Amino acid sequence: MKNLIKHKVFIAAFLLTYFLFFAITLNIPNSSSNGSTIILGVTDYGFPFIYYSAHCFGGYYSWTGLLGNILFAAIISFLSGLIFTRFWLKFSSPEFRAE
């Protein structure tokens, strides 16, 4: 496991997935609100956890939602890094190339 984590492919896949998660979900409004968007002018941002709420007079960050999104992105990135590293080592092996 340590060898997989130290591999360059793991690091590249981890960082790419981590930052790609935030780039994709940066401005996605949360659609699970209870309809208060139309009435009160409140928009909640964040996927899968709400980390920012905007309203007419400004907005505020939810630290628990922000930490939840960071942890969720780290878990997804870790898993994708392991999967990419496993496939990379399998497909770049001399036994696989000989076939």
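Residues numbered from 1 in each chain as written. Predicted model: local features only at pLDDT ≥ 70, side-chain atom pairs only at ≥ 80, totals over all residues. Heavy atoms only, no water.

(A) Up close: the overall build of the chain. A count of helical and extended segments in the chain gives five helices and three strands. Overall, the chain shows an N-to-C arrangement of helices and strands of α-α-α-β-β-β-α-α. The long-range fraction of contacts in the chain, counting pairs at least 24 apart against all pairs at least 6 apart in sequence, stands at 43%. (Helix = DSSP H or I, 4+ residues; strand = E, 2+ residues; numbered from the N terminus. Contact = heavy atoms within 4.5 Å.)

(B) Spatial organisation of helix α2 (residues 8-25). Between the first and last C-alpha of α2 there are 26 Å, a value that for 18 residues agrees with the 26 Å anticipated at 1.5 Å per step. Restricting attention to buried positions, one finds in α2 the residues V9, F10, A13, T17, Y18, F21 and T25. What you see down the axis of α2 is that its buried residues fit within an arc of 155°, all on one side. Looking at α2, the residues exposed on the side facing more than 90 degrees away from the buried face are K8, L16, F19 and A23. (Expected span 1.5 Å × (residues − 1). Buried < 20%, exposed > 50% of the residue type's maximum accessible area, 1.4 Å probe, protein only. Arc of directions from axis to C-beta.)

(C) The arrangement of the environment of I76 in detail. Within the secondary structure, I76 sits in helix α4 (residues 63-91). You can call I76 partly exposed: its relative accessible area is 35%. Measuring from C-alpha to C-alpha, the distance between I76 and Y18 comes to 7.7 Å, with 58 residues separating the pair along the chain.

(D) Structural view of the packing of α2 against α4. It is the contact of α2 with α4, at a shortest axis distance of 7 Å, that shows an interaxial angle of 145°. Helix-helix and strand crossings are classified by hand; for α2 and α4 the assignment is right-handed. Classifying every residue of the contact of α2 with α4 by side-chain character gives 16 nonpolar, six polar and no charged. (Axes fitted to C-alpha atoms, helices over the stretch in contact; angles between N-to-C directions. Left-handed = near helix turned anticlockwise from the far one by under 90°. Nonpolar A, V, L, I, M, F, W, Y, C, P; charged D, E, K, R; others polar.)

Any link to function would need more than the numbers given here.
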